[in-house]
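# Chain and residue survey
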Amino acid sequence: MIFADPPYGDTSLPWDVLVDGWERVARSCIASTGSMWVCGSLRFFMRAGHLLESAGWRYAQEIVWEKHNGSGFHADRFKRVHELLVQFYPDSSPWASIYNQVQTTSDATARTVRRKTRPAHTGHIAASSYVSEDGGPRIMRSVIYARSCHGRAIHETQKPVDLVEPLILTSCPPGGLVGDFFAGSGTIGDACNMLGRRYIGAEVDSSYFAKATDRLATLLPFGAAA
Ligand SMILES: C[S@@+](CC[C@H](N)C(=O)[O-])C[C@H]1O[C@@H](n2cnc3c(N)ncnc32)[C@H](O)[C@@H]1O
């Protein structure tokens, strides 16, 4: 699995400059059963969409991350308290062959009755291994609430570990390898460490690289995801 949290090009942060060509590099690295989660704003994806497609990536689904607070970049618009995480997979692989472990929550009530057949209009992603049971576990929703790291972050755009954990569980088998193209503070390495996935992170800024390395070195089991 690849996780990519690239600069969105939305702010005046010195590193927030769009990176050229990373989509093709990522495509050349992915296994035929692997997929890639990309973070971004809608503005970012409107620019990046055709680049991802022409690099050989096909759109699968998106998650909305609902934060507890947000950024009021403009006083004349809604306060932005969400970001997108979009999953892509290689266009040479059918969706059914992509590793996918359905994530569930245990908050369904015994009276919950769910539809077990899929409506015809749901598109080309048809295969599913998930069997629902009345009152049993519920498929995780596509809006994930997670507190942002405001006030305790070591990176300006640090993602919370509990946001990325379900994406790793869904898309990478135990012991599998996650490539983190824009590592920042090492959040993905932290999550991989907790979940028993192997991790390779790339970060161009030497001070963030040092912070991420220190963060991963202090996690138990020490150094497992470094
Ligand atoms: C959105 S932040 C990632 C934050 C990270 N997911 C976290 O939770 O801490 C993007 C990072 O990409 C880094 N970056 C920018 N260009 C890069 C490049 N060409 N290669 C590797 N990292 C790069 C930036 O320095 C920045 O730390």
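Conventions adopted
Residues numbered from 1 in each chain as written. Predicted model: local features only at pLDDT ≥ 70, side-chain atom pairs only at ≥ 80, totals over all residues. Heavy atoms only, no water. Near = heavy atom within 4 Å. Polar contact = N/O pair within 3.5 Å; in protein donor to acceptor, adjacent residues only side chain to side chain. Areas by Shrake-Rupley, 256 points an atom, 1.4 Å probe, with all protein chains shown as cover. Nonpolar A, V, L, I, M, F, W, Y, C, P; charged D, E, K, R; others polar. Axes fitted to C-alpha atoms, helices over the stretch in contact; angles between N-to-C directions. Helix = DSSP H or I, 4+ residues; strand = E, 2+ residues; numbered from the N terminus. Parallel < 35°, antiparallel > 145°, perpendicular 65-115°, else oblique. Left-handed = near helix turned anticlockwise from the far one by under 90°. Contact = heavy atoms within 4.5 Å. Buried < 20%, exposed > 50% of the residue type's maximum accessible area, 1.4 Å probe, protein only. Core = buried A, V, L, I, M, F, W, Y, C linked by side-chain atoms within 4.5 Å. Arc of directions from axis to C-beta.

## Let's talk about the site of the ligand
The immediate surroundings of the ligand are formed by 20 residues, with Asp-5, His-155, Ser-185, Thr-187 and Glu-203 found nearest. Between the ligand and Asp-5 there is a distance of 2.7 Å, counted from a nitrogen atom to a side-chain nitrogen or oxygen. Between an oxygen atom of the ligand and a main-chain N or O atom of Lys-159, the distance comes to 2.9 Å. When the ligand is considered free in solution it has 610 Å² of accessible area, and contact with the protein chains removes 90% of it. Residues belonging to the shell around the ligand are distributed by class as follows: 10 nonpolar, six polar and four charged.

## Regarding the packing of helix 1 (residues 22-29) against helix 2 (residues 42-54)
Each pair of packed helices can be described by the angle between their axes along with the distance between the axes. Packing of helix 1 against helix 2 leaves a shortest axis separation of 9 Å and a crossing angle of 45°. Relative to helix 2, helix 1 is oriented oblique. Considering the relative orientation of helix 1 and helix 2, their crossing is right-handed. Each of Trp-22, Glu-23 and Arg-24 in helix 1 lies in contact with helix 2, whose residues at this interface are Phe-44, Leu-51, Leu-52 and Ser-54. The residue makeup of the contact of helix 1 with helix 2, split by class, is four nonpolar, one polar and two charged.

## Some words on helix 4 (residues 187-195)
Of all nine residues making up helix 4, eight are buried, and the element is well covered by its neighbours. For helix 4, every residue scored as buried is listed here: Thr-187, Ile-188, Gly-189, Asp-190, Ala-191, Cys-192, Asn-193 and Leu-195. On the buried face of helix 4, the contacting elements are strand 1 (2-4), helix 3 (161-171), strand 8 (177-180), strand 9 (198-201) and helix 5 (206-217). Of the residues one or two after helix 4, Gly-196 is the one with positive phi, at around 75°.

## So, the nonpolar core
Core analysis: the biggest nonpolar cluster contains 42 residues, and Phe-3, Trp-22, Leu-85 and Ile-168 have the highest contact counts within it. Residue assignment for this core shows that the elements contributing at least two residues are strand 1, helix 1, strand 2 (36-40), helix 2, strand 3 (57-71), strand 4 (80-90), helix 3 and helix 4. Per-element accounting of this core gives the leading share, five residues, to helix 3. Other than its neighbours up to four places away in sequence, Phe-3 contacts Trp-37, Cys-39, Leu-85, Val-164, Leu-167, Val-178, Gly-179, Asp-180, Phe-181 and Ile-188.

## Considerations on helix 1
Taken together, the buried positions of helix 1 are occupied by Trp-22, Glu-23, Ala-26 and Arg-27. All buried residues of helix 1 lie within an arc of 140° about the axis, which places them on one face of the element. Residues of helix 1 that are buried in the fold lie against strand 1, strand 2, helix 2, strand 3 and strand 4.

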